[in-house]
Each structure stands twice: as structure tokens, then as C-alpha cells.
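Coordinate analysis (summary)
Listed below are the residues making up each chain.
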Amino acid sequence: MSTDLSSSSPDIDGHPHWYVVKRNGRRQTFDMLKVYKRIADLVKAPPELHNINVDYLVQRVISSMSDGVSTRELDKIAIEACERRMLTHHEYQQMAVRLLETSIRKDAPATFSAMMDNAGSVPYLQFPYFDYSVNTTEFREWALARRKELDEILLTLEDERRWDYPLQGLTILSKKYLRMSPDERRPYLENVSTFWLRVAAYVHYPDLEKVKACADALSRGYFTYPTPTLTNSGQNMSSCFLQRTPHDSMQSIMMTLVRAGMQSKGGGGVGIADDMLRSADSTVAGTNGRTSGVQAWSTLKEHVARKVDQGGNKRDGTFAVYLPDWHADVLETFRLGSPETEKMTRTHKLNYGFWVSDLWLRRFLGKEPETHWTFFNPNNIVKVFQDESALSKLPEEVRHAVYEMEVIMTGFNPSEEAPVGLGYFWGETFDMVYKALEDLSQRYPHILWSKRMPISEMANELRNLTATIGRVYFQRKDAHIKQSNLLNWGPAFGGSNICTEISEPSGLLPYKWLEKAAEVMVQIAESPGDPRNTQQRKLLSLNSEGIHSSYLQTMYLDNPRHFIFNTLKRNPVATAVCNLGSVMLPAYVKKIHPGPGLREDSEWDEEWVDWSRMAQDIMLLTEGMINVCRRTKCPDLSSYIGNVLMQSIGLGVSGFHDYLAMLGVPFESEMAEALNRDTFALIYFYSVKQSANMAEDIGSYPMYEGSPLSKGLLAPHLRADGSKAMQLAR
């Protein structure tokens, strides 16, 4: 129903004894005409809404009036009225968005510079809102010096795009992402447009042109950064942490949990590989007791995830536990997420990852004669590898592989015990060692315990668990490792992150990379202007047990090389850190297929997809993610080490199925495969190109030497020839 906005307001008696409380705290007589004008002006604002019943919305506000209600509450009443009418016409959702966005705008400072001034006036907040943030002072000085230019950039974002959100999206944005003030009268420190500019400014300063381009792309929905980057600019902006429990010991397990808690507190999701933990009912040598297995530690991780949410009530804490296909506790652990599990031990917050080998897949697909799968206790395998008598019963090529791995593991840290486990092998070597252990366990069960299951039965169990709990990830170990650019780290791949998007080495820090990390950290220590200097000194101090705090500053400044190297030797563990970005593919579709039929040709030129804009945005997004690597505040020393060494970024896409539908491409067609290949080829090419461009200016990342990239091997080369990856890993 359309409304003639030129007509008079509805005939509703006023109530002069009603007062409303304005945002500045003043009481004012309620004026129904102001309510009518506000709603009518929003309806008429371009693009005009033609199916909104203004009288109905005003009536709903009047009927819910009470003396002393705030003007913000009146906005909420009008929004709820729109929500009740959304099923009658889609424009009511757009109207609710306009009401919510303008309500936020009234609460927040009008300009970027005013936002900075307001944030700085709050006693315990400094822009970007926390006084321990990385580079806060430098950024604030730059932003204040460029306040005029930043305010001008903000004006370019103030058009109809600020209403181009679904209501649910804008509601989540307002509750979880926009910066808040302790002043209840004006609870927001920024509106939606200022929010996008704040993120772009922190990621790309001091380059104003790139700040403007990034803010424009973010506000138009061309690409986005992950939640920690959007909410925590100036703190931990990294989104994913990958840990590996390095030893099967109480200290190692508990320190992994402590690190996971710190990383979750900083706003990131945590993936933990537990392939080294012994299975249930194993012997505890120190007490002659029996272990509870990975299940008990998973339940403990569940409690940590519940209590330590991401970023202080920004999001629920989320962990993922990864176990290999051969671990004896793999199915029992995954069953903890099932509704049929006892309530006290059920894990609602955990995701589970199935770290699956190509050997398991070949047996499942019937490409090998063996139809059963064998499970082992990791602790028993370590003992077999350490026992010369047991090892002698294995074939010579297997013994050689174990001896070779022992040499590699000794190079991880000569002063630390680094036992060889089955989880360190992959590819053809894993196949050989696993089959030899299968044979040994069947011939000498007293030497190596195992249990067997038909692989079809195991696959059905995994399928049922996935359908029941929806959180069992299947990740191909060999495919991930052989395509990694971090093969020169060593055999330290054990799983992925909470969304199974990436795989990086983590856990014990190889000695050569410990030295490299110390070298890089010394360079940072000797560069007072480096933004990482402050957080580096604090993290090292926190991990310098037994040293009185009054001496730490002197030791760090007088002999940073000695201080840093010794601290790292006491903490030889690295957590892989990844900084993610997502390209919104539907935003680049220029011409939508009219339908109802599907496309028959497979050409996607500039008439259909804005490939030029996509290429430019990928380079801009890549540069932003690399800047995030260098500016993020890591929550603990292990993640700081991993981030300094690897500087990893992950670039993905959103809306792929919408992308296909808009172009009229059948989902399961060869045309879809071709479009997928072309799109990701473009993304990979331009991200690598921009990374190389930045390396010329600021230098390559510390682990570049010896990596596949340093040898001219890109992901397609490694994917096509796994033997090259095997050689690099050695």
C-alpha cells in the first residue's frame, strides 16, 4: 500500500503529559508529528520505497508509547513493526534497515575525526581503543594529521550503499562489530560508514589512496576481512591459529590449552592437532594408572572454549580437534559431539577434523586389496621406533625412513626430546611405514597393540557422525602437504584451523628456524620505530620465568640477541597464524543471465564478469592481509614466533553458488568446473603477483629461503608432481 506523503498526518490526539528522553539526556514533550516526519522522510529518501504504510508504523509507535521512553526505544518499536510486516512486502525489511542505520548514526560521531576525539576522551580507551595496541600512537598521530582527508573520504561513503544490507546483517554488525562507548546515552563510537573507513585506514595507512579504495570496496561488498580484523583493528587482527600438541606429557597438553585460551581471548579460532596423545586405557608410567585418552582432553577443551570466548563476548570460543585416520581414539572422540553422548561429556563447542591419508581413501574406494583399517596407539608406535629390538623386525626401507626422521627431529631442537611418531610421515613414506606397522602388529601383537575395523564400517560411522553433528571435517593430509609453500619447515603438519581452510606447520620449532626467529626478533629489537617492538618485549618478558622484572628491560636492551635466543630455547614451540580475506564473487557479476534456461556457451568476458575490477581488488586485499601480518598484536609468544616467521595469508571466496546461478551455470556441469578454475587461477595469479611486488619493497618473509617459491615452484607445479614436494620436505 503506497502512501501520499504530502497528505496531513494521521488524526491522533496528542498527549502533552508524555515526555521522551533524547540522546543528549534532555526531556522533551512527545511530538507525534516528528515521528511521522522521520518515518516519512526515510520512505521518500532515494531509492524511494513505494509499498510502506507510514500510518501503520506511526500507529504502532503511538500504541507502544509510555512516559519517559527514549527516542532510541521509539526507533526500536518502529523497527519491530517493520519486522512484523516483512512477509507482506520486502520493502519493510529495507525500511527496518533505514531506521536502524539512522538510529546508529544519531548515536555515533558524525565524522571520522570526531570519532577519534571521542574515543580518546574515554579514560580507558584510546584510538583504536586500547592503549596496549600495536602502533596505536603512530597511527593516531597519522590519522590526526590527515583528519581532513579522512573526513573527505568518509563523505564518499555516505550514499545509498549504507542501506544496502539485510536486516539481520546490519543487526549483527551493530551488536558485534561496531565500536561501543560506555556512555549509555550515545553507545556507539562509530556508524557503519565510519566502521569501514576505520578498518581500511588501519590496514593501509599511510597510503590515503589505498585507504580510500579499500573503504570503497569494503562498503560495496567486493571483499571483506575476517571478524578479528574488522573488530580488533589495532589488537589481534589474525583470524586463525593452528597448534599441535608437541609431546604426550601433562605439561605439553596443559601449555597447549593455555595458548589456546590466550588465542581465543584475542579473537581467533583455534585448530589443535592431537596426533601425539596416547589413546584411552594406556598405561601411565609415573603412577601405574590408566589414561582417559583424547576424549578427556577434548572435554576439557570444550570447557575452555565455553569460558574463553573470542574477543570478550564478540563471538563464542571455537576450537577444532584434528586426529589422523590411524589414531585409536578417532571415532570415540568424534562421538563426543553426538546428541546420544552423555550430557556431562558431550562437546557442543568443538569441531572435529579427520586428517585422512590417501592410503585410507584408496582402501575406501576399493583401489587396494586390503578392506580393513588398523588403528594404533601413538605412544606404542613411539616405543617401537625407540626400541632397536622391535625396530629390527621392520623392513630395511622402513627402518631407514625412521632413522632419517630421527635425524630430522633431532634438528628441531637438540636440547629437547622430539620423539618420532607416525604423524610425521606422509605420502608414499607414510604408506610404507603404516603397512609395515600393520604387519608387525599382526605378527607380534605383544610388541605393537592395534585394533582393526572394516573400512566400509568406519566410513559409515563417519558419515553418520557428520550427518548427526555436522562438524566432522574431512581433510586430505597428503594433498595439503604436497602443495604447501612451507615444506621447508619440516614434518610438522597435523591439521588445520576451525574452518578447515588452511594447513600450516606448527608445534615444535625446528632449530634452524629458532635461530632465524631470533635473528628477526633481534632486528626488531634494534629498530625502535618498528611497531612490533613493544609487544615483542612484553611477550618475551612474560615467558622469562625466574627473572626479576626489574632486570628484563636492561637485559632486552643491553644484549637482545642473548636474551631473545635463550627465551626461545626455553619456549621452542610455534603456533601457525593465518590472516584471511574473502572475495565476494557475486559483486563482480555485471550481467545476470535472464533465464529460465541455462547457458550453453562457456565464455565469460568483461560483459559478464568484471575481471579487471576483481584483479585490482585481489591485489589490494593481498596487500592489506600482508599489512595485517605485520601489524597484528599476537596473543602469546608461540603465535608471535609463527607469525614473524611465516607471515601466512589465506585468500578465499564467498557466494560461489550465487555466482554460478547469476551467470546461469549448472552447479555440477563441466562449465562450472571451468568457471571455478578460471576464477581461482585469476585470484592465485594476482595474489602472488602482489606478494612479489611487496617483497621487492619490504623484503621477503623469513622462511622464504628454501621454500618451493624460492625454487620457482608454484602450487600448480607441486600439485602436478608430488615427488618435488617430497624432496623439499627432506
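In what follows, the structure referred to is the one given above.
Note that the structure is predicted; figures quoted are calculated from it, not measured. (Residues numbered from 1 in each chain as written. Predicted model: local features only at pLDDT ≥ 70, side-chain atom pairs only at ≥ 80, totals over all residues. Heavy atoms only, no water.)

1. Description of the packing of helix 9 (residues 192-204) against helix 10 (residues 208-220)
- At a minimum axis separation of 8 Å, helix 9 and helix 10 run at an interaxial angle of 140°. On the basis of their axis angle, the class for helix 9 and helix 10 is oblique. Judged by the sense of rotation from one axis to the other, the crossing of helix 9 with helix 10 is right-handed. The residues of helix 10 that touch helix 9, namely those facing Trp196, Leu197, Val199, Ala200, Ala201 and His204, are Lys210, Val211, Cys214, Ala215, Leu218 and Ser219.
- The residue inventory of the contact of helix 9 with helix 10, partitioned by class, reads nine nonpolar, two polar and one charged. (Axes fitted to C-alpha atoms, helices over the stretch in contact; angles between N-to-C directions. Helix = DSSP H or I, 4+ residues; strand = E, 2+ residues; numbered from the N terminus. Parallel < 35°, antiparallel > 145°, perpendicular 65-115°, else oblique. Left-handed = near helix turned anticlockwise from the far one by under 90°. Contact = heavy atoms within 4.5 Å. Nonpolar A, V, L, I, M, F, W, Y, C, P; charged D, E, K, R; others polar.)

2. What about the pattern of salt bridges?
- Under the defined criterion, the tally for this structure stands at 35 salt bridges.
- Residue Arg306 is joined to Glu302 by a salt bridge in which the shortest nitrogen-to-oxygen separation is 3.0 Å. Taken together, the positions of Arg306 and Glu302, both in helix 13 (residues 293-307) and four residues apart, correspond to about one turn of that helix.
- Accessibility expressed as a relative area gives 41% for Arg306, which makes it partly exposed.
- For Glu302, a relative accessible area of 2% gives the class buried.
- Residues Arg452 and Glu370 are paired through a salt bridge, measuring 3.1 Å at the closest nitrogen-oxygen approach. Note that Arg452 is positioned in strand 12 (residues 450-454) and Glu370 in the loop between helix 15 (358-364) and strand 11 (372-376), a separation of 82 residues in sequence.
- In this structure Glu370 comes out as partly exposed when scored by relative accessible area, which is 28%.
- One salt-bridge network, held together by shared partners, links Arg362, Arg363, Glu368, Glu370, Asp431, Lys435, Glu438 and Arg452. (Salt bridge = Lys/Arg side-chain N within 4 Å of Asp/Glu carboxyl O. Buried < 20%, exposed > 50% of the residue type's maximum accessible area, 1.4 Å probe, protein only.)

3. A look at the pairing of strand 11
- The element strand 11 is largely enclosed, with a buried count of four among its five residues.
- Of the strand pairs in this sheet, strand 11 and strand 12 are connected by five bridges, and their pairing is antiparallel. Bridge pairing in strand 12 links Phe376 to Ser450. (Pairing = 2+ DSSP bridges.)

4. A look at the packing of helix 10 against helix 26 (residues 611-631)
- Orientation of helix 10 relative to helix 26, taken along the N-to-C sense of each, is 115°, at an axis distance of 11 Å. The angle between the axes of helix 10 and helix 26 places the two elements in the roughly perpendicular class. Helix-helix and strand crossings are classified by hand; for helix 10 and helix 26 the assignment is left-handed. Across the interface between the two elements, Lys210, Ala213, Cys214, Asp216 and Ala217 of helix 10 pack against Arg613, Asp617, Leu620 and Glu623 of helix 26.

5. Observations regarding a nonpolar patch on the surface
- Nonpolar side chains collect at one region of the surface, where Met255, Val258 and Met262 lie side by side and expose about 240 Å² of accessible area between them.
- Following the sequence through the fold, Val258 ends up in helix 12 (residues 250-265). (Patch = residues over 30% accessible without salt bridge, like charges linked within 9 Å, V, L, I, M, F, W, Y side chains within 5 Å. Areas by Shrake-Rupley, 256 points an atom, 1.4 Å probe, with all protein chains shown as cover.)

6. Some points on the side chain of Ser639
- Inspection of the secondary structure assignment puts Ser639 in helix 27 (residues 637-646).
- Side chain to side chain, Ser639 and Asp636 meet in a polar contact 2.7 Å long.
- Those residues in contact with Ser639 that lie beyond four places of it in its chain are Phe241, Gln263, Thr575, Val577 and Cys634. (Polar contact = N/O pair within 3.5 Å; in protein donor to acceptor, adjacent residues only side chain to side chain.)

7. Remarks on the environment of Gly25
- Along the chain, Gly25 falls in the loop between strand 1 (19-21) and strand 2 (27-29).
- The class of Gly25 is partly exposed, set by a relative accessible area of 36%.
- Separated by 160 residues in sequence, Gly25 and Arg185 place their C-alpha atoms 6.8 Å apart.

8. Description of unusual backbone geometry
- Backbone torsion omega between Pro46 and Pro47 reads -10°, so that peptide bond is classified as cis.
- By the secondary structure assignment, Pro47 is in the loop between helix 1 (32-44) and helix 2 (54-63).
- For the bond running from Tyr205 to Pro206, omega is 10°, close enough to zero to count as cis.
- Positioned with a positive phi, Asn288 is a non-glycine residue whose angle comes to about 60°.
- Its location among the elements puts Asn288 in the loop between strand 7 (283-284) and strand 8 (289-290).
- Residue classification places Asn288 among the exposed residues on the basis of a relative accessible area of 64%.
- The phi dihedral of Thr500 falls on the positive side, at around 45°, and the residue is not glycine.
- With respect to the helices, strands and loops of the structure, Thr500 is situated in the loop between helix 21 (477-482) and strand 14 (507-508).
- A relative accessible area of 24% places Thr500 in the partly exposed class.

9. Here we look at the environment of Ser506
- Within the secondary structure, Ser506 is located in the loop between helix 21 and strand 14.
- With 15 residues separating them in the primary sequence, Ser506 and Pro491 have C-alpha atoms 9.4 Å apart.
- When sequence neighbours within four positions are dropped, the list of residues in contact with Ser506 reads Leu242, Gln243, Arg244, Ala492, Ala574, Thr575 and Ala576.
- One polar contact links the side chain of Ser506 to the main-chain carbonyl oxygen of Leu242, over a distance of 3.3 Å.

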